[in-house]
Amino acid sequence: MAKRKSCLEVEQNGPPVKQMRQGLQLGDLPLDILHSIVSRLPIREAVRTSMLSNHWNRIWCSRPNLKFSFRSLVYKKGSGLSRSSISEHVFIQRVDAVLKQHSGIGVDKMKIKFSPLHNEHAEHIDRWVQFAIASKTRKLIFDFEGQYPTDEPYSFPFQLFNAANGSHLQSMRLGSVSLKEPSNINVFINLKKLELVNVDVTDDELKLMLFNCNVLEFFGISCCRMLTSLHTPRRLNHLKCLKVRHCPLLQVIELNFGLETLEYEGTLIPLEPPSTLRNLCIKSLDIPSCIGYIFTELPSTLPHLEKLTLRCPELKRATLPSTPIKFLYLRHLRLELNFVSLRKRKTDVFDLACFLEDSPFMERLEVHVDVDGLQT
């Protein structure tokens, strides 16, 4: 009987399998896999791959996600370096060096997060905005939020955009910037997501921005210290999700028909959500009783509400009205309750059983209790 060859000795129109395996290198993988690998590396590690060969340099230069921060450019685990150890000048130099090497083609997301940057560095930040415009970036994030901001915030350059180059932007998040005279916001004809954090913007300026974002589907604003009223224009009929957090001077929110998700956190103000609302989340220290708020103050014009989340301190026992509201569509109720003290409490979790009777189709009830800092 002929001796069978081992699998390592079998040849099929070429060298032995063992030799083929030894000659296979990472760079021989398909381009889409290599692009995926490089896109998952921190930016400084991705740039270093360019030293391997011209092939790797071309792969790095077409990286679709550019994320610049202290962690991605400087931080090394166990090094003991703090964010204050890198100056604004060094950070700017490193960002410029990376953008100079990049092809500037096909950038899906560009994120720059570094709190020390402010309006004094406008010349450099404007240059990064121009790079984002030229590379047709779809998602833009500029976050310069610091713990104790004292310098004049960077003024976002709406004037750099026009009807041609602004059409590529679909998502934008701005933190600790100034949004003065946003007259050119109307060039963002495809902007679907807008987030503003700790920005300098007046009621009229924000109203102008929202009025000119015709296809906006998500809008979030938080920690805005100038905003007193928020109006969503009637023409903004694509807006499905609104998030408002910790705007201390805010007194009025006017919402349009079509909104499906509303998340509000801060001082309690009158809310009149549209009947189309399906998901409502309210977190406020001004609500003394979840039962009292839901059955007496929550608008009764929410026939399609499916999920309700309420976070509040439980300070008193509420009396239900004789004819309580029926939530016929409610499927998910999440309550995050803070009992200051078990000894002094005036409410009982068993009081919450009323929700089971008045929400006959509820499928999920979550009760998270925080007692003296101990969560259950």
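First things first, this report covers the structure right here in the doc. Only a predicted model underlies this, so the values are computations on that prediction, with no experimental measurement involved. (Residues numbered from 1 in each chain as written. Predicted model: local features only at pLDDT ≥ 70, side-chain atom pairs only at ≥ 80, totals over all residues. Heavy atoms only, no water.)

Notes on the packing of helix α6 (residues 88-101) against helix α7 (residues 122-134)
The interhelical angle for the contact between α6 and α7, taken along N-to-C directions, is 25 degrees, at an axis separation of 11 Å. When the axes of α6 and α7 are compared, the pair comes out roughly parallel. Every pair of crossing elements has a handedness; the one defined by α6 and α7 is left-handed. Packed against α6, whose contacting residues are Phe91, Ile92, Val95, Asp96 and Leu99, the element α7 presents His124, Arg127, Trp128 and Phe131 at the interface. Grouping the constituent residues of the contact of α6 with α7 by class yields 6 nonpolar, 1 polar and 2 charged. (Axes fitted to C-alpha atoms, helices over the stretch in contact; angles between N-to-C directions. Helix = DSSP H or I, 4+ residues; strand = E, 2+ residues; numbered from the N terminus. Parallel < 35°, antiparallel > 145°, perpendicular 65-115°, else oblique. Left-handed = near helix turned anticlockwise from the far one by under 90°. Contact = heavy atoms within 4.5 Å. Nonpolar A, V, L, I, M, F, W, Y, C, P; charged D, E, K, R; others polar.)

Overview of unusual backbone geometry
In the Ramachandran plot, Lys136 falls in the positive-phi region, its phi being about 60 degrees despite a non-glycine side chain. Tracing the sequence through the fold places Lys136 in the loop between α7 and β3 (139-143). Unusually for a residue other than glycine, His246 sits at a positive phi of about 50 degrees. On the basis of relative accessible area, His246 is assigned to the partly exposed category, the value being 35%. (Buried < 20%, exposed > 50% of the residue type's maximum accessible area, 1.4 Å probe, protein only.)

What about the pairing of strand β13 (residues 279-283)?
A regular strand carries its side chains on alternate faces of the sheet. Judged from the 5 bridges that link them, strand β12 (residues 261-265) and β13 form a sheet pairing that is parallel. Residue pairing in the sheet places Tyr264 in a bridge with Ile282 of β13. Relative to strand β14 (residues 307-313), β13 runs parallel, the two sharing 5 bridges. If you follow Asn279 over to β14, its bridge partner there is Lys307. (Pairing = 2+ DSSP bridges.)

Some details on the environment of Leu320
Locating Leu320 in the fold gives a position in the loop between β14 and β15 (332-339). Each C-alpha atom, one on Leu320 and one on Ile294, is 9.9 Å from the other, the two residues being 26 residues apart in sequence. Dropping the residues within four chain positions of it, Leu320 is found in contact with Ile291, Phe295 and Cys354.

Quick word on α7
Across its 13 residues, α7 extends 18 Å between first and last C-alpha, which sits within 8% of the 18 Å expected from 1.5 Å per residue. Listing the buried residues of α7 in full gives Ala122, Ile125, Trp128, Val129, Phe131, Ala132 and Ile133. In the core, the buried residues of α7 are packed alongside β1 (65-69), α6, β2 (109-113), β3 and β4 (154-155). (Expected span 1.5 Å × (residues − 1).)

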